Amino acid sequence: QVQLVESGGGLVQAGGSLRLSCAASGRTFSSYAMGWFRQAPGKEREFVAAISWGGGRTYYSDSVKGRFTISRDNGKNTVYLQMNSLKPEDTAVYYCAACDNVLRLPDQPRYWGQGTQVTVSS
């Protein structure tokens, strides 16, 4: 069992930056691939980024590639999402997720956090 708690959301102007954090409980954090999803009002939840258990492989959706960076610190049981050049269309609730395989994470995440709101004003 892995429990995930996100933080770092807030209100930012277009072009600004935010860094989201996701703190995980459990001693097996380093064995899980981690990722971020988001859900905008009236839309389905969508995959944003994923990182392998060791941090050597990362994956991004086309909509955030080049602007967002996912990273992790296994010593702190934490995964991060650095979001730069934010756009109003990035406004959403952002969720942290965990899975035992990074390639399955975009479609079959196993654990979810409760989400953190990100609002980008124009």
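All chains use their own residue numbering, which begins from 1 and follows the written sequence. In keeping with the model being predicted, local features are shown solely for residues with a pLDDT of at least 70 and side-chain atom pairs are shown and tallied solely at 80 or more, while totals for entire chains, interfaces and linings include all residues. The basis for every side-chain value is the complete set of heavy atoms in the structure, and neither hydrogens nor water enter the calculation.

(A) Broad picture of the overall build of the protein chain. The secondary structure listing takes helices from DSSP runs of H or I that are at least 4 residues long and strands from runs of E that are at least 2 residues long, numbered from the N terminus. Tallying secondary structure elements over the protein chain gives zero helices and 11 strands in all. What you see in the protein chain, going N to C, is helices and strands ordered as β-β-β-β-β-β-β-β-β-β-β. What the globule rule says is 2.2 Å times the number of residues to the power 0.38, and the radius of gyration is computed from C-alpha atoms. For 122 residues, the compact-globule estimate of 2.2 N^0.38 gives 14 Å, and the protein chain sits close to it at 13 Å. Seen along its three principal axes, the alpha-carbon backbone of the protein chain occupies a region of about 40 × 25 × 25 Å. Buried, partly exposed and exposed residues are distinguished by accessible area as a fraction of the type maximum, computed with a 1.4 Å probe on protein chains only: under 20%, between the cut-offs, and over 50%, respectively. Put simply, the protein chain has 122 residues, and 46% of those count as buried. As presented, the protein chain carries roughly 6300 Å² of accessible surface, and 46% of it is formed by carbon and sulfur atoms. In the protein chain, 13 positive and 9 negative side-chain charges are present, and the distance between their average locations comes to 6 Å. Using a 1.4 Å probe, the Shrake-Rupley method yields the accessible areas, and only the shown protein chains count as cover for residues. Charged residues are defined narrowly, with Lys and Arg counted positive, Asp and Glu counted negative, and His plus the chain ends left uncounted. To locate a charge, take NZ of a lysine, CZ of an arginine, CG of an aspartate or CD of a glutamate.

(B) Structural view of the pairing of strand E7 (residues 68-73). The alternating pattern of E7 places Phe68, Ile70 and Arg72 on a buried face and Thr69, Ser71 and Asp73 on a face that is not buried. When DSSP finds at least two bridges between two strands, those strands are taken to pair. Linking E7 back to strand E8 (residues 78-83) in an antiparallel pair, the connection comprises four residues, with Asn77 at a positive phi of about 55 degrees.

(C) Region of the structure containing the environment of Tyr59. Mapped onto the fold, Tyr59 is located in strand E6 (residues 58-60). Of the residues examined, Tyr59 reaches a relative accessible area of 30% and is grouped as partly exposed. Sequence spacing of Tyr59 and Thr78 is 19 residues, and the spatial spacing of their C-alpha atoms is 17 Å. Not counting residues within four places of it along the chain, the set of residues in contact with Tyr59 comprises Phe47, Val48, Ala49, Ala50, Val102 and Leu103. Any pair of residues with heavy atoms lying within 4.5 Å of one another is described as a contacting pair.

(D) Spotlight on the side chain of Ser61. The topology assignment puts Ser61 in the loop between E6 and E7. Residue classification places Ser61 among the buried positions, given a relative accessible area of 14%. Polar contact is defined as a pair of N or O atoms within 3.5 Å, subject to the rule that within protein one atom must be able to donate a hydrogen and the other to accept it, and that residues adjacent in sequence are counted only when both atoms are side-chain atoms. One polar contact links Ser61 to Ser63, side chain to side chain, over a distance of 3.1 Å.

(E) Just the state of the cysteines, in detail. Here, the term disulfide refers to a pair of cysteine sulfur atoms separated by no more than 2.5 Å. Evaluated as defined, the whole model comprises one disulfide. The disulfide that involves Cys22 links it to Cys96, with 2.1 Å between the sulfurs. Between Cys22 and Cys96 the disulfide shows an S-S torsion of about -80 degrees. By sign, it is left-handed. Highlighted residues: Cys22 in strand E3 (residues 18-24) and Cys96 in strand E9 (residues 92-99), separated in sequence by 74 residues.

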